[in-house]
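These are the residues of each chain, in order.
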Protein chains: 2
Amino acid sequence: MTQGSFSRQQVLKLTELSSRQLSYWRKTGLVCPQSITPGGHARYAFTDLVALRTAKRLLDAGVSLQRIRRCLDSLTRFLPAADRPLVELSLVVTGDVVLVFHGERAFDALTGQEWVFPIAELAAEVEKLQQQLPEQGELFSAEYNKRGELA
Amino acid sequence: MTQGSFSRQQVLKLTELSSRQLSYWRKTGLVCPQSITPGGHARYAFTDLVALRTAKRLLDAGVSLQRIRRCLDSLTRFLPAADRPLVELSLVVTGDVVLVFHGERAFDALTGQEWVFPIAELAAEVEKLQQQLPEQGELFSAEYNKRGELA
DNA sequence: AAAGGACAAAAATATTGCTTTTTGTCGCTT
DNA sequence: AAGCGACAAAAAGCAATATTTTTGTCCTTT
């Protein structure tokens, strides 16, 4: 009995969703109540609550519903083990992107593309490359022109 | 003399850029050689190399040149202390977004918008909310219908 | 109270055509 | 080898429009 079972009123209070949203999300399958009463009324489980609240937060952070849906779609593909991404996963967001942290990795929830390379490491990398060129060094010293660049 | 000074050939080898790109980037001010020889030839400093390679990596990760330029523009606004973002900053990327890690924070290089909320914390939060509702609990046990939802 | 339907405003997305940017290639000069 | 210029293809961005999704409001039914 870890579940708990919440009525519509309770859910509205706990999630700060509008009644319309709750209905619509249910109808369109974004978050459905875990069970239904004999009278056809929704009963939301605790995990449903978490999912609803997560979706709400994503919305508030500027992620559109449609993007949320697409992310969920993708995630079932990339992480089939994650049954309910909105409940289980660790997400980070701006308006345009949803990042999923999973183990050591981070990837885009939508495209699955992995996020990469702390560029800090690049200096070291170039340094290594530098050693592959035996001949170069302080060969040139003249500096006739200073740059006025962007980067 | 931490600089080092690299000829065009060396730079091409080290950065895996095309000759055309090197020229164009120089002309458009993305990354310019630190100094010029009496004959008008480019001499790239070590930091230039790092900048070039960083830009190349961003490109490879799917960030367009134009976006890179705009990011650099923004960064000089958000982090005026960062003289050469491509050399100094710690960036993370997908095709659409460049994230900058700076101290404790992470923000979008383009918009400056801060990134937020590990959603993992949500469960705990809802649990807390739950306690504000004294009346609910395992009041309902009937489950007549299983859901077939997305999340 | 909860669900469902209907209508409309707002928000988001997709599409299309147009402009600008980036890159490659060739040829010429130093 | 390095730089410069010109032409063209590819990629990216932009703006205006159409289409779809989401949400609110009102009304009816159980």
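Look up a bit, the structure's there.
Reading guide: rules and limits
- Residues numbered from 1 in each chain as written.
- Chains lettered and ligands numbered in written order.
- Predicted model: local features only at pLDDT ≥ 70, side-chain atom pairs only at ≥ 80, totals over all residues.
- Heavy atoms only, no water.
- Salt bridge = Lys/Arg side-chain N within 4 Å of Asp/Glu carboxyl O.
- Helix = DSSP H or I, 4+ residues; strand = E, 2+ residues; numbered from the N terminus.
- Axes fitted to C-alpha atoms, helices over the stretch in contact; angles between N-to-C directions.
- Parallel < 35°, antiparallel > 145°, perpendicular 65-115°, else oblique.
- Contact = heavy atoms within 4.5 Å.
- Nonpolar A, V, L, I, M, F, W, Y, C, P; charged D, E, K, R; others polar.
- Near = heavy atom within 4 Å.
- Polar contact = N/O pair within 3.5 Å; in protein donor to acceptor, adjacent residues only side chain to side chain.

**Concerning the pattern of salt bridges**
All names here are of chain B.
Turning to step 1, where the next piece is worked out: Counted according to the given criterion, the structure contains four salt bridges over all chains.
Turning to step 2, where the next piece is worked out: In this structure, arginine 84 and aspartate 48 form a salt bridge, with 3.1 Å as the shortest nitrogen-oxygen distance. Residue arginine 84 is found in the loop between α4 (65-78) and α5 (85-88), and its partner aspartate 48 is found in helix α3 (residues 46-60); the two are separated by 36 residues along the sequence.

**Brief notes about the packing of helix α1 (residues 8-15) of chain B against helix α2 (residues 19-27) of chain B**
Residues and elements named next belong to chain B.
Turning to step 1, where the next piece is worked out: Contact pair α1 / α2: the axes reach a minimum separation of 10 Å and the direction vectors enclose 110°. Relative to α2, α1 is oriented roughly perpendicular. Contacts between α1 and α2 involve Arg8, Val11 and Leu12 from the first element and Ser19, Leu22 and Ser23 from the second.
Turning to step 2, where the next piece is worked out: In terms of residue class, the contact of α1 with α2 is made up of three nonpolar, two polar and one charged.

**Concerning the protein's contact with DNA strand C**
Turning to step 1, where the next piece is worked out: Neighbouring residues of DNA strand C: 20 residues in total, closest Arg8(A), Gln9(A), Ala42(A), Ser64(A) and Ser18(B).
Turning to step 2, where the next piece is worked out: Counting only the atoms of DNA strand C within 4 Å of the protein, the fraction contributed by sugar and phosphate is 76%.
Turning to step 3, where the next piece is worked out: A distance of 3.0 Å is found between a phosphate oxygen of DNA strand C and a side-chain nitrogen or oxygen belonging to Gln21(B).
Turning to step 4, where the next piece is worked out: Note that a phosphate oxygen of DNA strand C is positioned 2.8 Å from one of the side-chain N or O atoms of Tyr24(B).
Turning to step 5, where the next piece is worked out: Listing elements by their share of the surface near DNA strand C, those giving two or more residues are α1 (8-15), α2 (19-27) and α4 (65-78) of chain A together with α2 and α4 of chain B.

Honestly, it's all geometry; don't read function into it.
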